[in-house]
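Observations on the model geometry
As a plain string of letters, each chain reads:
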Amino acid sequence: MSYSITPLLTGVRNPDQGIMTYQQGYGTRIWLPIWSFLVQGENRNILVDTGLDENELIVPAGFTEETGLTPEPILACLQAHGLQAEDIDIVINTHLHDDHCGNNALFPKALFYAHREEIAFCKNPHPLDHRYDDYFIENISFQEIEGDREILPGLQLLHLPGHTVGILAVQVETGLGKTIITGFCCNARNFPANGPAVCPGVHTDALKAWDSIQKVKRSGAHIIPMHELEIAPIPA
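Residues numbered from 1 in each chain as written. Predicted model: local features only at pLDDT ≥ 70, side-chain atom pairs only at ≥ 80, totals over all residues. Heavy atoms only, no water.

A short note on the packing of aromatic side chains
How two aromatic rings sit relative to each other is set out by the distance from centre to centre and by the angle between their planes. Applying the stated criterion across every chain, the model contains five aromatic pairs. Each ring, one from Trp-31 and one from Phe-63, has its centre 5.1 Å from the other, and the planes form 75°; the classification is edge-to-face. Of this pair, Trp-31 sits in the loop between strand 1 (4-13) and strand 2 (32-41) while Phe-63 sits in helix 1 (residues 63-67); the two residues are 32 residues apart in sequence, bridging distant segments of the chain. Judged by relative accessible area, which is 14%, Trp-31 ranks as buried. (Phe/Tyr/Trp six-rings, centres within 6.5 Å; stacked < 30°, edge-to-face > 60°. Helix = DSSP H or I, 4+ residues; strand = E, 2+ residues; numbered from the N terminus. Buried < 20%, exposed > 50% of the residue type's maximum accessible area, 1.4 Å probe, protein only.)

Structure representation (structure tokens):
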């Protein structure tokens, strides 16, 4: 089975490149797009992450002028592709930072997936990680993942901890072949042409984060870095 992947831009921030690349790029400001990905196939509409809470959507000055991109509330993004909230069958939360699950409540009919350890951590986060708020997962009944699992033919969830304890990457068969939506915090600079991948700059465990990103780079898959600025749709 082959799936299409359509990126939906739900927000943008303007942090330091060092958030993406551990011990590299500090002092360089970047645009950090916040994506949700619409995956379609097997007669299902699947969202990988629900993006930034639409009530927090603020477009920084200069972003659209510089990039030609305009973030939209997630429901507006879906409407542009002929879909309503009730058309979403499955939501996969790669992890539970606020910019990845901010609109969960908008999809009451969807079947939700997240990693068991990530859910537990969100409910009792370490004080150093301010990106969690269990408000975003209230009243969500998750299918809890442990390890790796194929949830549909050609669509597999991969546990790749490090950025958080329960990161799930999403491996999808597409028209480009095997494709991985990383889930963890990274952009194109994390994947240099030569040498190892660069560890994400934000992590709960740098060693695990390094190991996880090497697995993705060695996979031979087409890689979609979670916060890369320019991501093209991928056909089925």
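With respect to the nonpolar core
Buried together is how nonpolar side chains tend to be arranged in soluble globular proteins. Among the nonpolar cores identified, the biggest contains 27 residues, and Phe-37, Val-39, Ile-92, Leu-155, Leu-157 and Ile-181 are the most heavily contacted of them. When residues of this core are traced back to their parent elements, those giving at least two are strand 1, strand 2, strand 3 (44-48), strand 4 (90-92), strand 7 (149-152), strand 8 (155-159) and strand 9 (168-174). Not counting residues up to four positions away in its chain, the partners in contact with Leu-157 are Ile-92, Tyr-113, Ile-145, Gly-147, Asp-148, Arg-149, Ile-151, Leu-168, Ala-169 and Val-170. Of all hydrophobic cores here, the second largest spans 24 residues; its members include Leu-38, Ala-114, Ile-119 and Phe-121. (Core = buried A, V, L, I, M, F, W, Y, C linked by side-chain atoms within 4.5 Å. Contact = heavy atoms within 4.5 Å.)

Considering the sheet that holds strand 9
Taken together, five strands build an open sheet; the order of strands is 7-8-9-10-11 and the sheet is mixed. Unpaired on one side and paired on the other, strand 7 and strand 11 (222-224) mark the two borders of the sheet. Averaged over all adjacent pairs, the angle separating strand axes in this sheet is 25°, with direction ignored. Sheet analysis places strand 9 next to strand 10 (residues 177-181), joined by five bridges and oriented antiparallel. Across the sheet, residue Gln-171 finds its bridge partner in strand 10, namely Ile-180. (Pairing = 2+ DSSP bridges. Axes fitted to C-alpha atoms, helices over the stretch in contact; angles between N-to-C directions.)

Quick notes on the sheet that holds strand 3
Overall, mixed pairing links the six strands, which are arranged 1-2-3-4-5-6 in an open sheet. At either end of the open sheet lies a strand with only one pairing partner, and these are strand 1 and strand 6 (142-145). Pairwise comparison of adjacent strand axes, ignoring direction, gives a mean angle of 20° for this sheet. Packed onto the sheet, helix 4 (residues 116-123) meets strand 5 (111-115) and strand 6 and runs at close to 85° relative to strand 5.

Focus on helix 5 (residues 206-218)
Spanning 13 residues, helix 5 covers 18 Å between terminal C-alpha atoms, matching the ideal 18 Å at 1.5 Å per step. Tucked into the core, helix 5 has its buried residues touching strand 10 and strand 11. For helix 5, the side-chain oxygen to backbone nitrogen distance between the N-cap and Leu-207 is 3.0 Å, and the N-cap itself is Asp-205. Among the residues trailing helix 5, Gly-220 stands out with phi positive, at a value near 80°. (Expected span 1.5 Å × (residues − 1). Polar contact = N/O pair within 3.5 Å; in protein donor to acceptor, adjacent residues only side chain to side chain.)

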